[in-house]
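Examining the three-dimensional arrangement
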Amino acid sequence: MQTPAPIDLASFYANPDRSVAVLNYNEHFMTSIFDLVNSDELAKFVQLFLTEQRAKMPADANPATTFNLVSAPEYLTTIKAVLTDRTDAYEQFQPAEILASIEDLYSYYRTYLRVATMTIKHNDVMASEFMTIDQQFNDLVIRLYRTIEEKLQGHANHVYRQVNAGSTACVLLQKVDWPVPAGYEALKNIRFMSRLMLRPPMMLHTKSNKRKGHFTATAVNPIENFTGTNDDWYCYPALIGESLAYIYFHRDYLASGLALANLFQLADRDQIVGKKPDLVLLFGTPGAAGDDQPENGHYFYDAQNQLYVGQVPYNDQTTYFGYMKKMCLTLHNLHMIAEKRLPIHGSMVKITFTNGQTKTVVFFGDSGAGKSESIEALQTVADEQIANIETIFDDMGSFTLADGKLYAQGTETGAFVRLDDLSSEVAFNNMDRGIYMNPEQKNARVIIPANTWPRVVAHHEIDMWVYANNYDDAVGVHRFADQQSAEATFVAGKRKALGTTDEVGMSTTFFANPFGPVQEQAATQPIIDAVFDQLFKDDIYVGEIYTHLGNDKSQEKLNESARELLAELLAL
């Protein structure tokens, strides 16, 4: 069956191909069951539902006796008859059949990612009331459903389940004045997200669940091919580390756009008004003819405006959140390299021991090496010696040399981690805040908040830096005896791929970081050399931890490696 065309009203958008729906409360906010049941929005959605249902009907189904084969106007006429207790409500169809269809309609609507939006002015009263307004709509939808349900079944429900009936999230939008460079005028009127309300746990489904290929440079500024409008694009203004990023995305990518809220700090209005960003991402716009890997993302440095511009095309593959996250980080890392900072594909924790000592550890490695899993193992084996383990960053950070000292900073305020490799304790403890991506599939992911932005971007000293070795069979940790072998291991970026990308088997990636350093190896290498010079000058522990994720995936062996790491830390 061919996917039906999207509904595209001023007040309601629904794309069945992406299972995304957008409600515009400014255009039409329904306040009563009468408003809702007589609305164009419901009529269009019922028509969409019936179109999909007809494809599931047996070929010999009788339209005169099959409720799901009636027209949308007939369907709604029957529903109104049920609501008003008309005596002719059940002349053609039995209550049980109508009820079964209503249940299917209600479930079908809730398979969509349903995002309510309100566009405000700076001092608009809605800024403080938007959650109340959205809750009123959710209450209205569930009240309509229950009223119809109880009339059809002939009695009140015995159990009520208070689900998110109307919306999954609500977003406040506003126009922001910023110094738009010449050539970027198409971005001027696209609204910025200023407040978000999410209803976790959010279970989102995308058409892709794996990232492929690499992001490459383009000779053409992506803004030249941008054709987005104020109606179908939004901007998430993010603080990625200390980089200011304006992340523009098509509304069909709202799953990724909303998930950003659990990963990158949403910039305040005073951080963006009148401010030119360091990075601009156009997510869902065509690339240039002749681009390498046209189905993948590309970046461009606008030297005249000192602006890194990223582009990711609109296709099914790029619905995987990894494209959104990694293109944001690629642009940020390119910005860091230009500022002579070293992008670190890794995670960092600060461990406070009960004896009063505080130590920091940075885990380093490419996707699937075991960075997040090593942190979880530390939390698992933590005993009475450990008072607290704080995650500073989970996937990407940077090292900076300043005044003869080396310090680390993070980029993300959250974590994008595989459910496959998380303990059930960690997964369930964060369920009430998590955004889950394709939870029933391989490489299922969850995005959870982890720390505050001021804490993430603070300057943190480094006590230990270890390479996450997921391929060797050894257990524990190993400290490199010399700078040459240590730097060679980190630069080689060796790992065994786990299916999180399109790579298989053993692979190597320059400095274990395909998001910036691979693209700018010549500019990155001198920074790597300077960092290793400083590390060995200061006698910082540089080594590797054996995670076992690439061979036997033994949690027991990883936990033992974590114990040895803690012992080494205490001995420093």
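Here is a short report on the structure shown in this document. Fair warning: this is a prediction, and the values are worked out from it, not measured in the lab.

Topic: the nonpolar core
- One finds Tyr 25, Phe 45, Val 46, Tyr 75, Ile 79 and Ile 102 to be the most contacted residues of the largest nonpolar core, which totals 51 residues.
- At ten residues, the largest contribution of residues to this core is made by helix H5 (residues 126-153).
- In this structure, Ile 102 is in contact with Tyr 75, Ile 79, Tyr 145, Ile 148 and Leu 152, ignoring residues within four places of it in sequence.
- Among the nonpolar cores identified, the runner-up in size contains 49 residues, and Ala 245, Leu 260, Tyr 320 and Leu 331 belong to it.

Section: the pattern of salt bridges
- With the rule as written, the count across this model stands at 20 salt bridges.
- Between Lys 325 and Asp 395 there is a salt bridge, with the nearest N and O atoms lying 2.9 Å from each other. One end of the pair, Lys 325, is in helix H7 (residues 321-338); the other, Asp 395, is in the loop between strand S17 (386-393) and strand S18 (396-402), and 70 residues separate them in sequence.
- The exposure class assigned to Asp 395 is buried, which follows from its relative accessible area of 7%.

A look at the packing of helix H2 (residues 40-54) against helix H3 (residues 72-83)
- At a closest axis distance of 9 Å, the pairing of H2 and H3 adopts a crossing angle of 115°. Accordingly, the angle class assigned to the pair H2 and H3 is roughly perpendicular. Of the two elements, H2 crosses H3, and the hand of that crossing is right-handed. Every residue of H3 that contacts H2 at Leu 42, Ala 43, Val 46, Gln 47, Phe 49 and Leu 50 is listed here: Ala 72, Tyr 75 and Leu 76.
- Partitioning the contact of H2 with H3 into residue classes produces eight nonpolar, one polar and no charged.

Brief notes about empty space enclosed by the protein
- Summed over the entire model, instances satisfying the criterion amount to four cavities of 30 Å³ or more.
- In this structure, the largest cavity occupies an estimated 390 Å³ of space.
- Where the lining of the largest cavity is concerned, the elements lending two or more residues are helix H1 (33-37), H2, H3, helix H4 (95-110) and H5.
- At five residues, H5 tops the list of elements feeding residues into the lining of the largest cavity.
- Its residues assigned to classes, the lining of the largest cavity shows 20 nonpolar, one polar and one charged.

Thoughts on the side chain of His 332
- Assignment of secondary structure puts His 332 in helix H7.
- Using a relative accessible area of 1% as the deciding quantity, one classes His 332 as buried.
- Of note is the side chain of His 332, whose polar atom sits 2.8 Å from the side chain of Ser 243.
- In this view, His 332 contacts Ile 240, Gly 241, Glu 242, Ser 243, Leu 279 and Thr 411; residues no more than four positions away in its chain are not counted.

Quick word on the packing of aromatic side chains
- Taken as a whole and assessed by the stated rule, the structure comprises 36 aromatic pairs.
- Ring geometry for Phe 364 and Phe 490: centres 5.1 Å apart, planes at 35°, overall tilted. Here Phe 364 is found in strand S16 (residues 358-364), whereas its partner Phe 490 is found in helix H11 (residues 483-492), with 126 residues between them in sequence.
- Accessibility expressed as a relative area gives 0% for Phe 364, which makes it buried.
- A residue is classified by how much of its surface remains accessible, and Phe 490, at 0% relative accessible area, is buried.
- Ring plane angle 70° and centroid distance 6.5 Å describe the contact between Trp 465 and Phe 511, whose orientation is recorded as edge-to-face. Placement of the pair is Trp 465 in strand S23 (residues 464-469) and Phe 511 in the loop between strand S26 (506-508) and helix H12 (521-537), with a sequence separation of 46 residues.
- With relative accessibility at 0%, the residue Phe 511 sits in the buried group.
- Here the aromatic residues Phe 12, Phe 45, Phe 49, Phe 67, Tyr 75, Phe 93, Tyr 108, Tyr 109 and Tyr 112 are joined through ring pairs into a cluster of three or more.
- The ring of Tyr 109 has Arg 114 sitting right over it, with the charged end atom 5.2 Å from the ring centre.
- Here the basic side chain of Arg 251 rests over the ring of Tyr 13, its NZ or CZ set 3.6 Å away from the ring centre.

Reading guide: rules and limits
Residues numbered from 1 in each chain as written. Predicted model: local features only at pLDDT ≥ 70, side-chain atom pairs only at ≥ 80, totals over all residues. Heavy atoms only, no water. Core = buried A, V, L, I, M, F, W, Y, C linked by side-chain atoms within 4.5 Å. Buried < 20%, exposed > 50% of the residue type's maximum accessible area, 1.4 Å probe, protein only. Helix = DSSP H or I, 4+ residues; strand = E, 2+ residues; numbered from the N terminus. Contact = heavy atoms within 4.5 Å. Salt bridge = Lys/Arg side-chain N within 4 Å of Asp/Glu carboxyl O. Axes fitted to C-alpha atoms, helices over the stretch in contact; angles between N-to-C directions. Parallel < 35°, antiparallel > 145°, perpendicular 65-115°, else oblique. Left-handed = near helix turned anticlockwise from the far one by under 90°. Nonpolar A, V, L, I, M, F, W, Y, C, P; charged D, E, K, R; others polar. 1 Å grid on protein atoms, 1.4 Å probe; cavity = no way out; pocket = protein on both sides within 12 Å on 5 of 7 lines; lining within 4 Å. Points joined across faces, edges and corners; volume = space filled by probe spheres on them. Polar contact = N/O pair within 3.5 Å; in protein donor to acceptor, adjacent residues only side chain to side chain. Phe/Tyr/Trp six-rings, centres within 6.5 Å; stacked < 30°, edge-to-face > 60°. Lys NZ or Arg CZ within 6 Å of the ring centre and 35° of its normal.

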